[in-house]
Amino acid sequence: MANEHSPLLVHGVYSMIGDAEDSRSGSAVTGEGSPKSNPRKLDTFFGVMVPTILSMFSIVLFLRTGFVMGHAGLLHGLLMLFVAYFIISLTILSICAISTNGAVEGGGAYFMISRSLGPEFGGSIGLMFYLAKVCACGVYVLGLVEAILDVFGKDPGSTVAQGLRVLPQGYWYTVLYASVVLLLCLVVCLVGAHIYAKASFIILLVVTVSLISIIISPLIVSPQRFNITHTYGKNHSVTVNPSYTGFNGTTLKNNLGPHYSLDYSTNTMMSFATVFAVMFTSCTGIMAGANMSGELKNPSVSIPKGTIIAVSYTFTVYLLLYLLLSSTCDRLLLINDYAVFQRVNVWPPFVTIGVYCASLSAAMCSMIGASRILHALALDKLFGLPLAPAAVTSSSGNPWVSVLYTWGLVQCTLFAGQLNVIAGIVTVFYLLAYAAVDLACLALEWASAPNFRPTFQFFSWHTCLLGIVSCVVMMFVINPVYSSASIVLLLLLLLILHYRSPTSSWGYISQALIFHQVRKYLLMLDSRKDHVKFWRPQVLLMVANPRSSCQLICFVNQLKKGGLYVLGHVQIGDLDVLPSDPVQPQYNFWLSLVDKLGVKAFVDLTLSPSVRQGTQHLLRITGLGGMKPNTLVLGFYDNCYPEDYFLQDPVFCEGDRGEGDNFGVDLPSLQAHFSPVRHAESPRTLQPEEYVSIILDAIKMGKNVCLARYFFQLPPESKGVTCKRGNDSMDTIDVWPTNLLSPDSASYADVCSLFLLQMACVLNMASRWRRARLRIFVCVESELGDQGWLAKEEQFRELLGKLRIRASIKIVAWDNVARMFRGEGSERQKVSEEFLCAVNALLREHSSTAAVRFLYLPHPPSSSELSQQYLMQLDALTRDLGPALLIHGVTPVTCTEL
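Let me sum up the structure you'll find in this document. None of these values were measured; they are calculated from a predicted model. (Residues numbered from 1 in each chain as written. Predicted model: local features only at pLDDT ≥ 70, side-chain atom pairs only at ≥ 80, totals over all residues. Heavy atoms only, no water.)

**Some thoughts on the overall build of the protein**
- The secondary structure content of the protein amounts to 28 helices and 16 strands.
- Across the 898 residues in the protein, those meeting the buried criterion constitute 55%.
- Residue pairs in contact within the protein that sit at least 24 positions apart in sequence constitute 80% of those at least 6 positions apart.
- Summed over all atoms, the accessible surface of the protein reaches about 39,100 Å², with 61% contributed by carbon and sulfur. (Helix = DSSP H or I, 4+ residues; strand = E, 2+ residues; numbered from the N terminus. Buried < 20%, exposed > 50% of the residue type's maximum accessible area, 1.4 Å probe, protein only. Contact = heavy atoms within 4.5 Å. Areas by Shrake-Rupley, 256 points an atom, 1.4 Å probe, with all protein chains shown as cover.)

Given below as C-alpha cells:
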C-alpha cells in the first residue's frame, strides 16, 4: 500500500526505531538502506519553546501591555489574562493529546486537524488557520513599524527632522516601511527555517535582556513627568502631562478599575472586547512549535513538552508586567503612550532592541508557519489547481513557492495601516482554529476508537467541550460581525471541499462517530415495537449481473421510501476448496457501482453452492436489529437475452477513464470486473425450479416478493423521470389489484391487493415520480345483471379515501376473458393459453402508455413439477407489456388509523 503521505495521504506504517520521515517533502530510503538527508533537525527547545515564546511575546509584550493596563485596569486586565490563558490551556491539552497519538508530519495544526476530522474539515479549517497566520504576520510587521516610527519618525506636528527623527509619517509611509520589513522577512524565509531557528535563540536572549531591564528599571529610575502630544487630523492636537510615579500604593489603587477611553492611534472608543482582542494576539503563538512539526526530530514529545513550558513562562512574565505597570505608571501615561516601557527604562535602547527583535522574529515565525500549512494543503491537493504551485520545494526542502504566496497575502493585510485595526480579525481566526483543535480531540474521544491512545492523559471530553464553548463565546464577544463572517467562510469552504469529494485514507472521524451512534440507535430500534402505521419498504434486490440490471437498481432506489435498500449477489462456490474468500475483494467494485449510479444502497455478497441457498442466507442475515429486509425483488425469469446497460449510459462509457475513485477502482477495471451479459452460448446458472423455489422460500419466511420485468426499457438518462409518451401529458402508474390468473377469486381488499396499492403509492411519492398519475384498474363482469360491481366500485372508492390514496379508478369489463377461464356450466378449468393471451391483450389495451405497471403475483405452486408451468403463465401474462412489477404481499402494510 502507498505511503501515508502520498497525495491525500494514504495509510502508512512508521518505523518504531527511527524517526518517521515526511515523505511529502521528498525523504526516501536509498537502495542500500541509508536514509537521505533528514530535514528533521530541531529539538524541543529550539523547535518549540523558542518560537512559541517569541510568538507570544512579539509586539504585544512591549507595545500593548501598557495599552491593556491603561484601558482595562489591573482587575479587568487580570481577568482578560486569565480568560485568555484558560482558553489556550484547554486547547493545549487537546494539542498534546492529538500530537501524542501518532506520528505528526509537516503542517502542524492543519495536519492534526485534517487527520482527525477528515479532508473536508481539515482542509477548510487548515485554510482558516493559514489566513490567521497571515493576518498575525501583518500585525507583527505593523507593530515593528510602529516601534520604528516611535524612535525615528518625525514629530507629527513638525515638518523638520529633529535628531534621529528623520522618517516621515503618514498612512502610505507606514505601508511602505511595512513592505520593506516584510521583504526582509521574505528573504530570511526563502533561505530556510533552520537559519531562523538558530537565530531565534539569539533573539530570545536579546528579548530576555530587555525584560530584565524592564523589571529592574523601577528600582533605578526616579519618578518623572512627560509631555505627550497627539495629532488628530490636520489641525487638532492634544497634549497631556502624564507621570511615572515608581512603586506607589495610590497609583496601584487608581489603576485597579477600568477606564475605557479613546484610542489615540485609531481614534475609536475602546471597550472590554476591543482591548481583549488586542491582548489576545499575545496568545496566538501556542501553535508556533506545532507548525514546525515537519522540522522537529520527535514532534510527539517536543510539541506537548515545549508548548506547556513556553506558555507557563509567558504567563508568568505577563502577570509580573501587569503588576509592575499598574503600580508604577499613572493611567494617563499608559493610555497615551504605547512605548511606555521605553520611556521608563534604565536604558531605553534595551527596549527598542527587544521590540525590534521580538517583532521581527514573530513576523518571520508566522510567515514560516503559514507557508508550512499552505505547503501541506498543496501536497494534499484539497483545493486543486490554485494551490498546486505551493507544493514546489527547493533542493533543501524549503517550500519557497508557498512562502511567496504567503508574502503576497501578508502584503495585502499591510494596507490596514494600524495594528489595532486587524487585531480583531486575527483573534477571531485564531479562536476558530483553537475551537477546531478542541473539536478534533472531542470527536476522537467521543468516537471511542480503540486506536485513540494518546500518551498525554491530562485531558477529557469535558476540557475539549469547554474549550470549544469558550472559544466560540469569546469570538462573538470580541466581534460578532467578524465571527459570523469567519464561520460563513468556514462553511463555504466545507461545501466546496464536500462538493469536490476528496477521498482519503486518513480516516474519517465522521465515520467513527456515525458508527458509535448508529450502534446505539440500532439497539434502540426494537422490532417488537413495529407498527403498521410506520411500515416502509426494506428491500433486498438480488442482482445477477449489474450490466443488465442498472435500470432496475435505480428504479428500486425510488421505491424504498427511506427504508433499507440492499443489493444482494450470490457467487457460486465452496469455500472449502478455495484458497481464500473470493467475495471480499469484490465489495469495492460493487460500492463503486453504487456511487456511479447514485443510489442509496448497501451491498451484501455471499458465497454459496447454489443461488437458492445464497438467497436464503441473505434473507436471514442481511440487515441488523430492526433494519432487516421485508421485501425481496428479483429479476424476471425468461428466455430473453439482456442488454448491456454499461454500453448505454454515458456514466459508464464516457467518464474519465484515467483516474480511479481513490479506492482502487477506475472505470476500465469496473467494466472488466463484471462479466458480459448472458448470450446464446452462456449456460444458465439458475433453473426454473430453483427460481420458483426462491419465491416460495421468501413467502415462507414472511417476505413480500416482487418480480420485475422489462425494466431495461426505462431510459438510462431518466431512471424513472416522467416524460411524455404519445398524447399523454405525463406518465402514469397503473395498478391491477386483481389476481388476473384467477377471476373467481377477485378481491380488492386482501393483503396482496393492498400491498400493491401501497407500493404504487410509495412510488408516486418519490421525487422522480411525483407528477405521475396513479390509475387503478378494477376488473368487473358487467353481464351478471345484479349490479354488484357498482357496489364493489363504491366500496373500493371508499377504501381509497380511507387510505388517503389519490388515484383514478378505471372500470374494465372482462366478461369475455372470464368466460374463457370458465367452461360451460361455469365449472373451473385450468388456465389455458387462450385465456392468458386474452388477459395479456387486455393489459396491453389499457396500460400500453403506462410508465410502469403493478400486477398481482399469484402464489407459486408448492410442487417443483409445476414450476415451469407457473413461469410460462407469468411470461404469457406480461409478454411485450413494458416495465411491470408482479407483487405478492404477505404482510399488512396499510393503515386507516391516525
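Now that the structure has been shown, the text picks up again.
**Here we look at the packing of aromatic side chains**
- For the structure shown, the criterion picks out 29 aromatic pairs.
- A centroid spacing of 5.8 Å and a plane angle of 90° characterise the contact between F129 and Y430, whose relative ring orientation is edge-to-face. One end of the pair, F129, is in helix α4 (residues 119-152); the other, Y430, is in helix α14 (residues 419-447), with 301 residues separating them in the sequence. There is no split in this pair, since F129 and Y430 are both buried.
- A ring pair is formed by W446 and W461, whose centres lie 5.9 Å apart and whose planes are at 45°; its orientation type is tilted. With a gap of 15 residues between them, W446 in helix α14 and W461 in helix α15 (residues 461-478) connect regions that are remote in the sequence.
- Among the residues examined, W446 registers a relative accessible area of 41% and is labelled partly exposed.
- Three or more aromatic residues joined by ring pairs make a cluster, and in this case those are F129, F272, F276, F280, Y430 and Y434. (Phe/Tyr/Trp six-rings, centres within 6.5 Å; stacked < 30°, edge-to-face > 60°.)

**Focus: the nonpolar core**
- If you look at the biggest cluster of nonpolar residues, it comprises 159 residues, and the most contacted ones within it are F62, I88, M279, I286, M287 and Y322.
- The element that contributes the greatest number of residues to this core is α14, accounting for 20 residues.
- Residue contacts for I286: discarding those within four places in its chain leaves T52, M56, I88, T91, I92, I95, T307, V311 and Y434.
- Counting residues in hydrophobic clusters, the runner-up holds 67 residues, among them C554, V665, I733 and L756. (Core = buried A, V, L, I, M, F, W, Y, C linked by side-chain atoms within 4.5 Å.)

**A word on the sheet that holds strand β12 (residues 732-736)**
- Read across the open sheet, the 10 strands follow the order β9-β8-β7-β10-β11-β16-β15-β12-β13-β14; overall the sheet is mixed. Here the strands that pair on one side only, and so sit at the sheet edges, are β9 (602-608) and β14 (808-813). Across this sheet, the average inter-strand angle for adjacent strands is 25°, counted without regard to direction.
- One ladder, built from 4 bridges, connects strand β7 (residues 539-542) with strand β8 (residues 565-572); its direction is parallel. Bridging across to β8, L541 finds its partner in L567. (Pairing = 2+ DSSP bridges. Axes fitted to C-alpha atoms, helices over the stretch in contact; angles between N-to-C directions.)

**Notes on helix α3 (residues 109-117)**
- In terms of burial, α3 is largely enclosed, as 9 of its 9 residues are buried.
- Where α3 is concerned, the buried positions are A109, Y110, F111, M112, I113, S114, R115, S116 and L117.
- Positive phi appears at G118, one or two residues downstream of α3, with a value of about 95°.

**Examining unusual backbone geometry**
- Even without being a glycine, K381 presents a positive backbone phi close to 55°.
- Take K381: it is sitting in the loop between α12 (349-380) and α13 (400-413).
- Positive phi, close to 65°, is recorded for Y710, a residue that is not glycine.
- If you trace the backbone, Y710 turns up in the loop between β11 (704-709) and β12.
- Residue classification places Y710 among the buried positions, given a relative accessible area of 10%.

**Description of a nonpolar patch on the surface**
- Side chains of I212, I215, I216, L219, I220, F247, L320, V346, W347 and I353 sit close together on the surface and give an oily, nonpolar patch of about 940 Å² of accessible area.
- No other element matches helix α6 (residues 193-220), which puts 5 residues into the nonpolar patch. (Patch = residues over 30% accessible without salt bridge, like charges linked within 9 Å, V, L, I, M, F, W, Y side chains within 5 Å. Salt bridge = Lys/Arg side-chain N within 4 Å of Asp/Glu carboxyl O.)

**Some remarks on the packing of helix α8 (residues 272-280) against α15**
- At a closest axis distance of 8 Å, the pairing of α8 and α15 adopts a crossing angle of 120°. Compared by their axis directions, α8 and α15 come out oblique. On the side of α8, the interface is formed by A273, F276 and A277, while α15 contributes M474, V477 and I478.
- Of the residues in the contact of α8 with α15, the class split is 6 nonpolar, no polar and no charged. (Parallel < 35°, antiparallel > 145°, perpendicular 65-115°, else oblique. Nonpolar A, V, L, I, M, F, W, Y, C, P; charged D, E, K, R; others polar.)

**Concerning the pairing of β7**
- Here β7 shows two buried faces, one formed by V539 and L541 and the other by L540 and M542.
- In this region the chain leaves β7, passes through helix α18 (residues 550-559) and returns to the parallel neighbour β8; the handedness of that crossover is right-handed.
- For β7 and strand β10 (residues 631-635), the ladder comprises 3 bridges, and the chain directions are parallel. What sits directly across from V539, in β10, is T631. (Right-handed = clockwise from strand over helix to strand, strands pointing away.)

**Quick notes on the state of the cysteines**
- Applying the stated rule across the entire model yields 0 disulfides.
- C550 carries a free sulfur, and the closest cysteine sulfur to it, the one in C554, is 6.5 Å from it.
- Since its relative accessible area comes to 0%, C550 is described here as buried. (Disulfide = S-S within 2.5 Å.)

**Overview of the pattern of salt bridges**
- All chains considered together, the criterion is met by 9 salt bridges.
- When the shortest N-O distance is used, the salt bridge between R547 and D644 registers 2.8 Å. Here the residue R547 occupies a position in the loop between β7 and α18, and D644 occupies one in the loop between β10 and α21 (650-653), the gap between them amounting to 97 residues.
- R547 sits in the buried class, given a relative accessible area of 9%.

**Remarks on the environment of C365**
- Position of C365 among the secondary structure elements: in helix α12.
- In this structure C365 comes out as buried when scored by relative accessible area, which is 2%.
- Not counting residues within four places of it along the chain, the set of residues in contact with C365 comprises P51, S55, Y196 and A288.

**Here we look at the pairing of β10**
- Counting buried positions along β10 gives 4 out of 5 residues, so the element sits mostly inside the fold.
- Pairing analysis gives 5 bridges linking β10 to β11, with the strands arranged parallel. Paired with L632 across the two strands is V705, which belongs to β11.

**Topic: the side chain of S366**
- Counting through the fold element by element, S366 comes out in helix α12.
- Beyond its immediate stretch of four places on either side in the chain, S366 contacts K133, A136, C137 and Y140.

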